[in-house]
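# Coordinates in review
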There are 2 protein chains.
Amino acid sequence: MKNALIFQSGGPTAAINASLAGVLDAGRDKYDIIYGAINGVVGLKEKNVIDLTAKLKSEDGFINRLCLTPAMYLGSCRFKLPDPAVSDTAGIFTGIFEYLEELNVKDLYVIGGNDSMDSAAKLAEYSEILKNAAGADTLPVTVIGIPKTIDNDLVNIDHTPGFGSAAKYVASSMLEMAYDTSIYPVKSVTVVEIMGRDAGWLTAASALARNSCIHAPQLIYLPEVPFSMDECIESVRKLHETTNSVMIAVSEGIRDKDGNYIAASDNTTDKFGHQQLSGAGKALEYAIGDALGVKIRSVELNIPQRCGMHLASLTDIEESAGLGRHAVEMAEKGLNGQMSSIRRISDDPYQTEYTECPSSSAANDVRSVPRDFINESGNDVTEKAVKYLRPLIQGEVNLTYNNGLPDFLSIKHLFKS
Amino acid sequence: MKNALIFQSGGPTAAINASLAGVLDAGRDKYDIIYGAINGVVGLKEKNVIDLTAKLKSEDGFINRLCLTPAMYLGSCRFKLPDPAVSDTAGIFTGIFEYLEELNVKDLYVIGGNDSMDSAAKLAEYSEILKNAAGADTLPVTVIGIPKTIDNDLVNIDHTPGFGSAAKYVASSMLEMAYDTSIYPVKSVTVVEIMGRDAGWLTAASALARNSCIHAPQLIYLPEVPFSMDECIESVRKLHETTNSVMIAVSEGIRDKDGNYIAASDNTTDKFGHQQLSGAGKALEYAIGDALGVKIRSVELNIPQRCGMHLASLTDIEESAGLGRHAVEMAEKGLNGQMSSIRRISDDPYQTEYTECPSSSAANDVRSVPRDFINESGNDVTEKAVKYLRPLIQGEVNLTYNNGLPDFLSIKHLFKS
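From a predicted model like this one, the values you see are computed outputs, not experimental measurements.

## With respect to the confidence of the model for chain A
All names here are of chain A. The share of residues in chain A with pLDDT of 70 or more is 95%, and the mean pLDDT across the chain is 94. Confidence drops under pLDDT 50 across residues 265-277; counting only partners more than four residues distant or on other chains, this segment forms 27 contacts. Both scores are given for the predicted complex: the pTM is 0.95, the ipTM 0.95.

Written as structure tokens, this is what we have:
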């Protein structure tokens, strides 16, 4: 028999552990041992792995509890692999593949977002290089990508694991805040800043809060359309003629017509060259407050929106596990360098099927919210967007509580002893 | 038969509608009509009331759904009644009591925090004044207070409705964020700002997130103890010797030894003379980040913590309804000017009983976290605090979801037509 290894990387979501659980579930009879590398490709590089098969055997209900544990059971990293085709000066690939051979790992699963799919594509490419160099018939390792990101901005997939749960958190919190902000009969504005640097999917999901009674958020601004503060202020002024409580959903990444972020940005960038942002919500709060002199506050949903397991979408968790199980089938077929993906067949009834695409294709492109999902004025989403989004937040997880709090798996293995 | 009237005021909580439901449940057979005044005492002044008895009869499961609808079904106000004993120049009390007589209202229920208990006490006092002036044997109206506040800072009550649910939200979110912030093997700090202007009860509840695996938040700062930024920075530096992810729970109202708020305060005050605050979390983020040069972010839990019905404490919701039902018994006994209260008999097993105290006593005093609930260094809570807090977050509500979102009662009656 052969072994497998899994690592997770990128930012956390409520659903990424469900994909890990899916691989374990489908792989338990196919591998002697399924290893987990701690802290992504760094754990692989540093030979820091745990035996997930042993956890599976020793802990009751391990797979179910893993599905309902947020963030990353195996930890993450922000490490960018070099190009395997150009050179391997650091010996990184050599070291990794020697270690995988030592562990008898034939299938490698990489769960993560676009940077992680970049790692998956590079590891797959190096596996091909090794095969060709040896003139072998088979690959030393088959590398399969499994996507996740609350941003929903990967290409070649209908929607990404983690997005539905974050969307449910955003829409539910928006609904609850709409109740909260409706209690005073005075003109007020509540600006809610939602995650999404380049794509406004999660901010768009705030529209799902609307029902026959609640019309909030009345304004929705996404990074896909240039933002005009003057037009925003005018929209609020008009809304206040008929509505006391105006709620605005705003993506952290909104930009003006010249491409400048509407934010108190500090102009620093992370290792992948992404600009660090803060403060689109605050920027609106100050500008609208100054212009209209009304009661105003801004709320940044911040990290709870991506790790809110207690409000996860059952659809999301089930699909995330399904993508993990599908990845095991893909490895069996030797689909090296491919990513487990999902295709939508219909909105209503909601039907999907699992499929695959090259990991490299998901690595660097960003899938924006299409223009016809946004209204002409650029301050709301269309019915088409709502039809796309609605199925993704359906269903609630059956989370166990212990002593009043969600009962998650221990992540002691992530901490220094 | 006679009628009753209820109003709500002050800030929203997840539990205040459960107290309204409790009054309706116990009062449905005692009154012909139970009215609800829209937007607190302002609705009473302006004769803006709805017939809750009709709602009860026409909407299936109205009481249960009301218990699980956050914020304020009847809306709120921030209106301070004048002193009824000094003068009634505005005719406010005269107008209100004439209207109550017109409606045949004999019992008036006021649900709210300390400012609302002030209103309840003044209305009760005016009722006595009217009785004495008329030389009557009975009061025109019996006024009963029903407490609520997520701040848990009312006196003469073991804990306040709404606090347990907010505490459960804070502790659960802290636990989920602890998972989120543990994924990278790098030194980081996450500052979580929690509501609580003068009392640190809600911030103290963040300690409930701790278990055998999660030690976050490692530092807890309450307004009850002077805050020293230097000591805080030194504590973080020491923690980073053994721990990568340090979480700090900080109350919005922390002050230095001279009583100055640790915040980017704009020095404005609300109508009740409370200073408006923002930014204790940000203040720590900037100071610790500058001093230690580590990855740092601050999260303000903001309004979701007080309206997060989806994460309400069943204990809190049941007790809030119980306080409403007890208030109806109090009205029957003619306990004018009294507030429905709760007394703890034991922590383990958790046992309480309903009791009463003067509304006026709860009106103006603030109940701080006792010194022996806080450790000597002033940067954590003690086991005594945890024993007090733990029972209050027990149990989960059985919220119905519709189309992926919590299914709350419509609050159309709060909106302008």
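This is not the end of the story, as more comes after the structure.
## Remarks on the relation of the copies chain A and chain B
Taken as rigid bodies, chain A and chain B are interconverted by a rotation of 180° and an axial shift of 0.0 Å, the fit giving an RMSD of 0.0 Å. Taken together, the rotation and translation relating the two chain copies correspond to the operation of a two-fold axis.

## What to know about helix α10 (residues 280-292) of chain B
Residues and elements named next belong to chain B. The terminal C-alpha atoms of α10 lie 18 Å apart, and with 13 residues this matches the ideal 18 Å at 1.5 Å per residue to within 8%. Residues of α10 that are buried include every one of Ala280, Gly281, Ala283, Leu284, Glu285, Ile288 and Gly289, and no others. The inward-facing, buried residues of α10 abut β6 (188-194), α9 (229-239), β8 (245-251) and β9 (295-300). After α10 finishes, the residue glycine 293 shows a positive phi value of roughly 65°.

## Regarding unusual backbone geometry
It is generally the case that most residues other than glycine have a negative phi and that most peptide bonds are trans. With an omega dihedral of -5°, the bond running from A:Ala216 to A:Pro217 counts as a cis peptide bond. Mapped onto the secondary structure, A:Pro217 falls in the loop between α8 (201-204) and β7 (219-221). Despite not being glycine, B:Ala71 has its phi angle at roughly 65°, a positive value. Structurally, B:Ala71 is set in the loop between α4 (62-67) and α5 (92-102).

## Some words on the interface of chain A and chain B
How large an interface is tends to be reported as the accessible area lost when its parts come together. Of the residues lining the interface, 66 residues belong to chain A; the matching set on chain B comes to 67 residues. Approximately 5400 Å² of surface area, both sides summed, lies buried where chain A meets chain B, with 60% of it carried by carbon and sulfur atoms. Ranking the residues of chain A by area buried against chain B places A:Glu176, A:Tyr179 and A:Ile183 at the top, with a combined share of 13%. Between A:Arg306 and B:Asp180 there is a salt bridge, and its shortest N-O distance comes to 2.7 Å. Taken together, the links from chain A to chain B amount to 26 residue pairs in polar contact (both at pLDDT 80 or more).

About the cut-offs
- Residues numbered from 1 in each chain as written.
- Chains lettered and ligands numbered in written order.
- Predicted model: local features only at pLDDT ≥ 70, side-chain atom pairs only at ≥ 80, totals over all residues.
- Heavy atoms only, no water.
- pLDDT = per-residue confidence, 0-100.
- Contact = heavy atoms within 4.5 Å.
- Least-squares fit on C-alpha atoms with pLDDT ≥ 70 in both.
- Helix = DSSP H or I, 4+ residues; strand = E, 2+ residues; numbered from the N terminus.
- Expected span 1.5 Å × (residues − 1).
- Buried < 20%, exposed > 50% of the residue type's maximum accessible area, 1.4 Å probe, protein only.
- Buried area = accessible area lost by both parts, 1.4 Å probe.
- Salt bridge = Lys/Arg side-chain N within 4 Å of Asp/Glu carboxyl O.
- Polar contact = N/O pair within 3.5 Å; in protein donor to acceptor, adjacent residues only side chain to side chain.

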